[in-house]
Amino acid sequence: MAQFTLPANSKIKPGKRHGGADGAKNVKEFAIYRYDPTSGENPRVDTYSVDMDHCAPMVLDALIKIKNEIDPTLTFRRSCREGICGSCAMNIDGKNALACLKPIEDVKGAVKIYPLPHMPVVKDLVPDLTEFYAQYAAVKPWLESYTPAPPDRERLQSKEDQEKINTPSACILCACCSTSCPSYWWNSDRFLGPAALLQAYRWIVDSRDETTGERLDQLDDAFRLYRCHTILNCTQACPKDLNPGKAIAEIKKMIAERRL
C-alpha cells in the first residue's frame, strides 16, 4: 500500500506555550500555526491563553490582542474588520472563514487557526496569493465591448439584467472557496478555481459585455473549467453566502447549449 508523508521540513512540530491570562477566570486557548521561512525551522503550533473578559468577540479580535499584548511576532493580514476586504481569510477550527466574522464562542475548546490550506505560506497565517490573483486576471474581469460608449451617459441595462450580476459581484476575493476545493488543491496550476470562475460568470452574463463567445471559448478546457466536479465545498465555505458551484454549472450549461 502506498504511503504518503510530508517532507521532513514541512512536518509541524510542537510549539511554545504563551501566557497572558494569569489570574483570569474566563480563559480561551488559541492554537496558532507559526512558520518563518527565513528561520530554517519547521512549522510549529504555538498556544496562547487569552483573557476573554478583556477581549472582543471575534477571532480577529483575539489575534489582534495576542499580537498587541502577548507576541508581536505573530503575522496575519487584516484590514476592514467588517467582512468586506477578505484580508483575514484563514482556516479556523478546520473550516475556511474570515476571522473578523467568526465568533470565538462558536468554537468549542481551543481555537485552532491555520493559514488557508494548500497555499504557499509567506509567514505564519499569511498565504501567498500570487497565483490566485493571476487566475483572477486571466478571466479578464472587466467590461469588453466593440460598441463605443455613449458620449453623454453610462452604458445602461435593465433592472433584470443588473440582478444577474448583482450576486456574483459581491465576491470579495478572499480565496476561502478556492482553497476549500480538492480539485483546486491538486490542479491549482491549471484549474482556475471557484473564485475566478465565479468572476468569469459575472462578466459572461453582463448584458453590456460583447465578448461572451470569446469568454466561453477561453474557459472551454478540460482543466481550466471541467476540473470542477461539483463537490460544492466552495459554496459551503463562502463567507458572503455566494454559490460559485452554481455559477460554474451555468457556464458548463452555456457551453453545452451552444454546441447543439
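Refer to the structure printed above.
Reading the values: rules and limits
Residues numbered from 1 in each chain as written. Predicted model: local features only at pLDDT ≥ 70, side-chain atom pairs only at ≥ 80, totals over all residues. Heavy atoms only, no water. Helix = DSSP H or I, 4+ residues; strand = E, 2+ residues; numbered from the N terminus. Contact = heavy atoms within 4.5 Å. Buried < 20%, exposed > 50% of the residue type's maximum accessible area, 1.4 Å probe, protein only. Core = buried A, V, L, I, M, F, W, Y, C linked by side-chain atoms within 4.5 Å. Phe/Tyr/Trp six-rings, centres within 6.5 Å; stacked < 30°, edge-to-face > 60°. Lys NZ or Arg CZ within 6 Å of the ring centre and 35° of its normal. Axes fitted to C-alpha atoms, helices over the stretch in contact; angles between N-to-C directions. Parallel < 35°, antiparallel > 145°, perpendicular 65-115°, else oblique. Left-handed = near helix turned anticlockwise from the far one by under 90°. Nonpolar A, V, L, I, M, F, W, Y, C, P; charged D, E, K, R; others polar. Polar contact = N/O pair within 3.5 Å; in protein donor to acceptor, adjacent residues only side chain to side chain.

Draft legend 1. Expanded view of the environment of Leu116. Along the chain, Leu116 falls in the loop between β6 (111–114) and β7 (121–123). Measuring from C-alpha to C-alpha, the distance between Leu116 and Met58 comes to 18 Å, with 58 residues separating the pair along the chain. Setting aside residues up to four positions removed in sequence, Leu116 forms contacts with Ala89, Met90, Asn91, Asn96, Pro127, Cys174, Ala175 and Thr179.

Draft legend 2. Molecular detail of the side chain of Asp61. For Asp61, the position within the fold is in helix α1 (residues 59–69). A relative accessible area of 12% means that Asp61 is categorised as buried. Setting aside residues up to four positions removed in sequence, Asp61 forms contacts with Cys55, Ala56 and Arg81.

Draft legend 3. Geometry of the nonpolar core. Residues Phe30, Ile32, Leu63, Met90 and Ile113 are the most contacted members of the largest nonpolar core, which totals 64 residues. Broken down by element, this core gets its largest block of residues, seven residues, from helix α5 (residues 194–204). Apart from the residues lying within four places of it in its own chain, the contact partners of Ile113 are Phe30, Ala31, Ile32, Tyr33, Val59, Leu63, Met90, Asn91, Ile92 and Leu125.

Draft legend 4. Broad picture of the packing of aromatic side chains. Summed over all chains, the structure comprises three aromatic pairs. With 5.4 Å between their ring centres and 70° between their planes, Phe132 and Tyr133 make a pair best called edge-to-face. With a centroid separation of 6.0 Å and an interplanar angle of 85°, the aromatic rings of Trp185 and Trp186 are classed as edge-to-face. With relative accessibility at 26%, the residue Trp185 sits in the partly exposed group. Above the face of the Trp203 ring, Arg202 is positioned so that its terminal group lies 3.7 Å from the ring centre. Directly above the ring of Phe223 sits Arg227, whose terminal nitrogen or CZ lies 4.1 Å from the centroid.

Draft legend 5. A look at the packing of α5 against helix α8 (residues 244–257). Where α5 meets α8, the axes come as close as 9 Å, and the angle between the chain directions of the two elements is 55°. Viewed along their axes, α5 and α8 adopt a mutual orientation that is oblique. α5 and α8 meet at a crossing whose hand is left-handed. On the side of α5, the interface is formed by Pro194, Leu197, Leu198, Tyr201 and Ile204, while α8 contributes Pro244, Ala247, Ile248, Glu250, Ile251 and Met254. Each residue belonging to the contact of α5 with α8 can be placed in one class, and the counts come to ten nonpolar, no polar and one charged.

Draft legend 6. Layout of the side chain of Asp46. Assignment of secondary structure puts Asp46 in strand β3 (residues 44–51). For Asp46, the side chain forms a polar contact with the side chain of Arg44, separated by 2.8 Å. Not counting residues up to four positions away in its chain, the partners in contact with Asp46 are Gly15, Lys16, His18, Phe30, Ala31, Ile32 and Arg34.

Remember, this is a structural readout, not a statement about activity or role.
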